[in-house]
Amino acid sequence: MPTAPEVATHVPLAETAHPAVGAATSLLGAYTPGARFLGTPTRTILAQGTHSEVPHDERPLHRRVAATLGAAQAAGHDAPMVIGAVPFDQTAPSALTVPATVRTAPPLPADPLIALPADPPAATHWDIRPVPAPEVYGAGVAAAVERMWRGEFSKVVLARTLELTTPETLDIPALLQRLARRDPSGYTFALPTAPGRTLLGASPELLVTRRGQRVVANPLAGSIPRSDDLAEDVRRAAALLESAKDLHEHAVVVDAVHRALAPYCTGLDVPVRPTLVRTAAMWHLSTTVTATLASPDTSALELACALHPTPAVCGTPTDTARQVITDTEPFDRGFFTGMVGWGDASGDGEWVVTIRCAEAEERALRLYAGAGIVAASDPGAETAETGAKFRTFLSAVGAEL
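Residues numbered from 1 in each chain as written. Predicted model: local features only at pLDDT ≥ 70, side-chain atom pairs only at ≥ 80, totals over all residues. Heavy atoms only, no water.

(A) Molecular detail of helix α1 (residues 23-30). Taken together, the buried positions of α1 are occupied by Ala24, Thr25, Leu27 and Leu28. The buried residues of α1 occupy an angular sector of 155° when the element is viewed end-on, so they sit on one face. Against β1 (36-39), β2 (44-48), β6 (101-105) and α4 (172-182) lie the buried residues of α1. (Buried < 20%, exposed > 50% of the residue type's maximum accessible area, 1.4 Å probe, protein only. Helix = DSSP H or I, 4+ residues; strand = E, 2+ residues; numbered from the N terminus. Arc of directions from axis to C-beta. Contact = heavy atoms within 4.5 Å.)

Structure, rendered in structure tokens:
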């Protein structure tokens, strides 16, 4: 009889002893398209309007953000915060804004009302087009595995998309409600990235957070789909903890995170073995890395930029993996596998890996899912894994493959 696997939970950095019932869910309910919503294990944020936008120029992103926040303070903004999204390609324009107003509340899991179910999705006809087709994706995985056996590189993350269209106008606030209530302990977001376009998601993966001198990163790599049968679900979780292929994939990512943080931090604590994080659809191998910041001048965003992209979303060596992604994926990732989050003028902030996400327009959704490919990968299994990762959004809109 297998024992229940150890499950890591996200512990808020700041807790409220007696949070007001309804405080977080009221912000969730107040969201309207064009606003910026971010729910994390430490807080719930609803930001509206635009005080200033972070410019796109040749300066490093963290310096542009610091300058924008400084200018907002000089203009009389009491406590400016930047919130938004950064693309997979850090040289591309970001979608980061200092909002005109920001309302905050305790995290969603601290609000008992989050347990109330969201309204089910309305009956809608969805036209679903996979890009690339599953068999083409599998062939790309097989080609990457063959190159790895030749020693060209050791890992690449390959993604595929689903393009969903409907004759009905999307109800984005209702979709956000279903995402947040399905996995309230993760990172739920709805952020405008262009006129008429919203980046929506429910990511399980913290890239990095900084509060004062305390730094936390939580890389995830190595996954298996959940099962509706409890015994089978536990068996899969226990098997993931013993999977040589997934443990290797996870170790590569943790090592990269360790090396990226080392120049900025002291007292790095990296557990020897991973634990597990669960979402409604997946089990993930998880390692919580903690450290002490060496210099107060290093912001959470600077740390995030030093980490991004980790092998969990790109591969290793990074430059080779990027080229394989460019040559294999027939689409631009945009903000998928980038990062979303917030940062303030003191340098504190939370930045999250942009996975389990979609880009929404008036009558269309583009869903993204990726899998880490190593030499032991099986094309059929990796295709199935991406299919399982699509379930987060497919269930939220009432669509099926």
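We are not done yet, so read on.
(B) Structural context of the sheet that holds strand β20 (residues 349-353). Across the sheet, nine strands lie side by side as β3-β5-β4-β19-β20-β11-β12-β17-β14; this open sheet has antiparallel pairing. Whereas interior strands pair on both sides, the edge strands pair on one side only; in this sheet they are β3 (52-53) and β14 (265-269). Bridge count for strand β11 (residues 206-211) against β20 is four bridges, and the pairing is antiparallel. Each residue of the ladder has a partner; that of Arg210, found in β20, is Gly349. Along the sheet, helix α2 (residues 61-74) contacts β3, β4 (81-86), β5 (95-98) and β19 (339-344); its crossing angle with β5, the most-contacted strand, is approximately 20°. Along the sheet, helix α7 (residues 300-307) contacts β11, β12 (214-217), β17 (289-293), β19 and β20; its crossing angle with β11, the most-contacted strand, is approximately 155°. (Pairing = 2+ DSSP bridges. Axes fitted to C-alpha atoms, helices over the stretch in contact; angles between N-to-C directions.)

(C) Seen up close, the packing of α2 against α7. Interhelical geometry of α2 versus α7 gives an angle of 165° and a closest axis separation of 9 Å. By the criterion of interaxial angle, the relationship of α2 to α7 is roughly antiparallel. Handedness of the α2/α7 crossing: right-handed. Here Leu61, His62 and Val65 of α2 come into contact with α7, specifically with Leu301, Glu302 and Cys305. Grouping the amino acids of the contact of α2 with α7 by side-chain chemistry returns four nonpolar, one polar and one charged. (Parallel < 35°, antiparallel > 145°, perpendicular 65-115°, else oblique. Left-handed = near helix turned anticlockwise from the far one by under 90°. Nonpolar A, V, L, I, M, F, W, Y, C, P; charged D, E, K, R; others polar.)

(D) How the structure looks around the nonpolar core. Of all hydrophobic cores here, the largest spans 56 residues; its most connected members are Leu61, Val65, Leu96, Leu261 and Leu301. Once residues lying within four places of it in the same chain are set aside, the contact partners of Leu301 are Leu61, His62, Val65, Met339 and Trp351. Within the second largest apolar cluster, 33 residues are counted, among which are Tyr31, Leu179, Leu365 and Val397. (Core = buried A, V, L, I, M, F, W, Y, C linked by side-chain atoms within 4.5 Å.)

(E) View of empty space enclosed by the protein. Counted by the stated rule, this structure contains three cavities of 30 Å³ or more. Its boundaries defined by the atoms lining it, the largest cavity holds a volume of some 230 Å³. For the largest cavity, the lining is made up of 22 residues, of which Ala312, Ile355, Arg356, Gly370 and Lys389 are closest to its centre. For the lining of the largest cavity, the secondary-structure elements that each account for two or more residues are β13 (220-225), α6 (244-261), β22 (364-373) and α9 (379-389). A per-element tally of the lining of the largest cavity places β22 first, with five residues. Taken together, the residues that form the lining of the largest cavity break down as 10 nonpolar, six polar and six charged. Volume-wise, the second largest cavity comes out at about 40 Å³. If you go around the second largest cavity, the residues you meet are Glu205, Leu206, Leu207, Ala217, Asn218, Pro219, Val257, Leu307 and Thr310. (1 Å grid on protein atoms, 1.4 Å probe; cavity = no way out; pocket = protein on both sides within 12 Å on 5 of 7 lines; lining within 4 Å. Points joined across faces, edges and corners; volume = space filled by probe spheres on them.)

(F) Just the pattern of salt bridges, in detail. Throughout the structure, instances matching the rule amount to 22 salt bridges. Of the charged contacts in the structure, one is a salt bridge between Arg147 and Glu152, with a shortest N-O distance of 2.7 Å. Using a relative accessible area of 27% as the deciding quantity, one classes Arg147 as partly exposed. Judged by relative accessible area, which is 35%, Glu152 ranks as partly exposed. (Salt bridge = Lys/Arg side-chain N within 4 Å of Asp/Glu carboxyl O.)

(G) How the structure looks around the sheet that holds strand β15 (residues 275-278). Taken together, the three strands give an open sheet; going across it, the order is β13-β16-β15, and neighbouring strands pair in antiparallel fashion. Strands at the two margins of the open sheet, each flanked by one partner only, are β13 and β15. Each strand axis lies, on average, 30° off the axis of its neighbour in the sheet, ignoring direction. Bridging between β13 and strand β16 (residues 282-286) involves four bridges; their strand directions are antiparallel. Residue pairing for β16: Leu220 is matched across the bridge by Ser286.

(H) Quick look at the side chain of Glu205. For Glu205, the position within the fold is in the loop between β10 (197-203) and β11. There is no salt bridge for the buried Glu205, and the closest opposite charge comes from Arg356, which lies 7.0 Å off by N-O distance. A polar contact is formed between the side chain of Glu205 and the backbone nitrogen of Leu220, at a distance of 3.1 Å. Beyond its immediate chain neighbours, meaning those up to four positions away, Glu205 contacts Tyr187, Asn218, Pro219, Leu220, Ala312, Val352, Val353 and Ile355. (Lys, Arg positive; Asp, Glu negative; His and termini not counted. Polar contact = N/O pair within 3.5 Å; in protein donor to acceptor, adjacent residues only side chain to side chain.)

(I) View of the packing of α1 against α4. The contact between α1 and α4 brings their axes to 9 Å, and the two run at 150°. Judged on the interaxial angle alone, α4 and α1 are roughly antiparallel. Along the contact surface, α1 presents Thr25, Leu28 and Gly29, while α4 presents Leu176, Gln177, Ala180 and Arg181. A class-by-class count of the residues in the contact of α1 with α4 yields three nonpolar, three polar and one charged.

Nothing here speaks to function; it is geometry throughout.
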